[in-house]
Amino acid sequence: MAFGGFLKRAKEAVTGLARKASATLVAGVQKTAQTLRGGLDFLVGRKVDDEVADKLRDTLIAADVSAVMADDLVAKVQEAYRDREIKSKDEILTFLKEHIKQGFPPQASQPIWAVAGEPTVILVVGVNGSGKTTSIAKLAYRFKTDGRSVLLAPADTFRAAAVEQLVTWADRLGVEYIPARQGQDPASVAYQAVEKALARHSDVVIVDTAGRLDNKKNLMDELEKITRVIKKKLSSAPHEVLMVLDGNTGQVAVRQAKNFEHAAGVTGLIITKLDGTAKGGAVISMRAEVDLPVKWIGLGEKMTDLEPFDADVFVDEIFRTEPQPTP
Ligand SMILES: Nc1nc2c(ncn2[C@@H]2O[C@H](COP(=O)(O)OP(=O)(O)OP(=O)(O)O)[C@@H](O)[C@H]2O)c(=O)[nH]1
Ligand SMILES: [Mg+2]
C-alpha cells in the first residue's frame, strides 16, 4: 500500500474524531429526518401521557423503525419521564438518541482486513437489484482513494450485462478486473481473481455475485461453492462477506437480514438507497433485530455516495431538530 494512502487514513482517523456528518449523509437522510422532525414537534411543552407516547411510537414507525424497537424506546421514555429524569423535548430527544446509540457496539462496523501481505477478499451478496454492483464500484473507489490496489471479480456471470456493468466501472475507476464471460462458473472467476491478486500483491479483491439469490438455499449454495474454491488459493479468504440490502424497502430489508443472519458466514451489511426514502429508521433497527453490523451505507448513485456506517453520526443526523442546510 502506498505511503500516501497510509498518511491519508491516519489523518482521517484523527480528523474523524470530530465525526461530523458529510454533505452526502445530510442530503441523503433528509427525508427520514423530516419525517421524524415532523412527528416529534408535538413533544414541545407536552406531558408524556398515553397520547404523546402513541404519537412518539407512530413517528418512529413512520420512519420504519421496527415495532419491537419503537415499543421498547417508548416504554423507556415513559419510564424516564415518570422518574423525572427527562422532561423537555430536547431531553427526550437526547435520551432517545443515547439509547439507540448504545445498541451499536463501538468498532463493530469496521472492515475486516486480511493480515499484512495477503489480499483482503470481500464477497458481495444480496437479492436482485439491491445495489451490489454499484456498491462494489463505490467500495473500489474508496479503497483506491485510500491507496489500496483493487481487483474486481465479475462473478455474476448469469447475465452478460452484469459482467459488462462491473467492467465498465473498473475502467472508469482505473482498477483491475478479471475478464469473464456469460455462463462461466462464478467460482472460477473468483478463484482466478484471488490467484491474480496473490501474484500481483493486490490489496483487495471484491467479488460480485448474481442477484438470483432470492432464497437461503441459493445463497448458501453459491457462497459455499465460491468459498470452497477460493480457499484452495487462500485459506483465510473470504475475509468479509457483505450482504447488500435495499434501504428503500425498510422493514423488508430488516426481515431479509434476519433471514440470512446465520447463513453462509455473512459478516456485515451494506444498506443502499437511503437517499430519497423516509425509511432510514430501518437502519437503526438492524442492530436491535439482527446480529450483524451495518458496515456501509449507500446514499446515491455516484461513486462517492457510499460511507462507512457511523451510528453516532447517523442517529444525530436523522434526529436533527433543525433542518440543516447542506454544508
Ligand atoms: N439512489 C440510489 N440508487 C442506488 C444506490 N445503490 C444502487 N443504486 C441503483 O440501484 C440500481 C441497481 O443497482 P445494481 O448495483 O445494479 O444492483 P445489483 O444488486 O447489482 O443488481 P443485480 O445484479 O441485477 O442483482 C441501479 O440503478 C443503481 O444505480 C444508492 O445508494 N442510492
Ligand atoms: Mg449486479
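Everything quoted here is computed from the prediction, not taken from an experiment. (Residues numbered from 1 in each chain as written. Chains lettered and ligands numbered in written order. Predicted model: local features only at pLDDT ≥ 70, side-chain atom pairs only at ≥ 80, totals over all residues. Heavy atoms only, no water.)

Right, let's talk about the side chain of T209 for a bit. Residue position: T209 is located in the loop between β4 (204-208) and α10 (216-231). The exposure class of T209 is buried, given its relative accessible area of 1%. Within the structure, the side chain of T209 is placed 2.6 Å from the backbone oxygen of V124, a separation counted as a polar contact. T209 has contacts with V124, V125, K132, A155, D156, E222 and I226, leaving out every residue within four places of it along the chain. (Helix = DSSP H or I, 4+ residues; strand = E, 2+ residues; numbered from the N terminus. Buried < 20%, exposed > 50% of the residue type's maximum accessible area, 1.4 Å probe, protein only. Polar contact = N/O pair within 3.5 Å; in protein donor to acceptor, adjacent residues only side chain to side chain. Contact = heavy atoms within 4.5 Å.)

What follows covers the environment of S88. Here S88 shows up in the loop between α5 (67-82) and α6 (89-102). Judged by relative accessible area, which is 33%, S88 ranks as partly exposed. With 43 residues separating them along the chain, S88 and G45 place their C-alpha atoms 6.8 Å apart.

Surrounding ligand 1, one finds 20 residues, the nearest of these being K132, T133, T134, D275 and E301. Contact with the protein chains removes 80% of the 650 Å² of surface that ligand 1 exposes when unbound. Counting residues per element, the shell around ligand 1 draws most heavily on helix α7 (residues 132-145), at four residues. Here the residues of the shell around ligand 1 are counted per class, giving two nonpolar, 11 polar and seven charged. (Near = heavy atom within 4 Å. Areas by Shrake-Rupley, 256 points an atom, 1.4 Å probe, with all protein chains shown as cover. Nonpolar A, V, L, I, M, F, W, Y, C, P; charged D, E, K, R; others polar.)

Right, let's get into the domain arrangement of the chain. Entries for the chain in the domain assignment read domain 1 (24-102) and domain 2 (120-310). For domain 1 and domain 2, the distance between their C-alpha centres works out to 34 Å. Contact between domain 1 and domain 2 buries roughly 1,300 Å² in total, counting both sides, with carbon and sulfur atoms accounting for 59%. Remark: the boundary between domain 1 and domain 2 carries zero salt bridges. The tally of links from domain 1 across to domain 2 stands at seven residue pairs in polar contact (both at pLDDT 80 or more). Elements represented by at least two residues in the side of domain 1 that touches domain 2 include exactly α2 (23-28), α3 (30-40) and α5. Across the side of domain 1 that touches domain 2, the residue classes tally to eight nonpolar, five polar and two charged. (Domains from an automatic or database assignment. Buried area = accessible area lost by both parts, 1.4 Å probe. Salt bridge = Lys/Arg side-chain N within 4 Å of Asp/Glu carboxyl O.)

Time to look at the pattern of salt bridges. Under the defined criterion, the tally for this structure stands at 17 salt bridges. We note a salt bridge from K89 to D41, for which the minimum N-O separation is 3.0 Å. Residue K89 is found in helix α6, and its partner D41 is found in the loop between α3 and α4 (50-62); the two are separated by 48 residues along the sequence. Exposure remark for K89: the relative accessible area of 13% places this residue in the buried category. A salt bridge links K302 to D305; its shortest N-O distance comes to 3.4 Å. Among the charged side chains, a network of salt bridges with common partners joins K97, E98, K101 and D316.

Relative to the elements of secondary structure, D208 occurs in strand β4. Buried and unpaired, D208 has K132 as its nearest opposite-charge partner, separated by 5.9 Å. A polar atom in the side chain of D208 sits 2.8 Å from the side chain of T133. With residues near it in sequence (within four places) discarded, D208 still touches V124, K132, T133, I136, A153, P154, A155, D156 and L166. (Lys, Arg positive; Asp, Glu negative; His and termini not counted.)

Here V266 shows up in the loop between α11 (251-260) and β6 (268-272). In this structure V266 comes out as buried when scored by relative accessible area, which is 9%. With 26 residues separating them in the primary sequence, V266 and E240 have C-alpha atoms 7.3 Å apart. Excluding residues within four positions of it along the chain, V266 makes contact with V241, M243, F260 and L292.

A word on unusual backbone geometry. The phi torsion of most residues other than glycine is negative, and most of the peptide bonds are trans. In this chain, A237 is followed by P238 through a cis amide linkage whose omega measures -5°. Within the secondary structure layout, P238 lies in the loop between α10 and β5 (240-246). At H201, a position not held by glycine, the phi torsion is positive, near 55°. Here H201 shows up in the loop between α9 (186-200) and β4.

Strand order in the open sheet made by the eight strands is β3-β2-β4-β1-β5-β6-β7-β8, with mixed pairing throughout. With one partner strand each, in any of the chains shown, β3 (176-177) and β8 (306-308) form the two edges of the open sheet. Pairing of strand β2 (residues 150-154) with β4, which is carried by five bridges, proceeds in the parallel orientation. Considered in β4, the bridge of A153 is made with V207. Contacting β1 (120-125), β2, β4, β5, β6, β7 (294-298) and β8, α7 crosses the sheet at an angle of about 170° to β4. (Pairing = 2+ DSSP bridges. Axes fitted to C-alpha atoms, helices over the stretch in contact; angles between N-to-C directions.)

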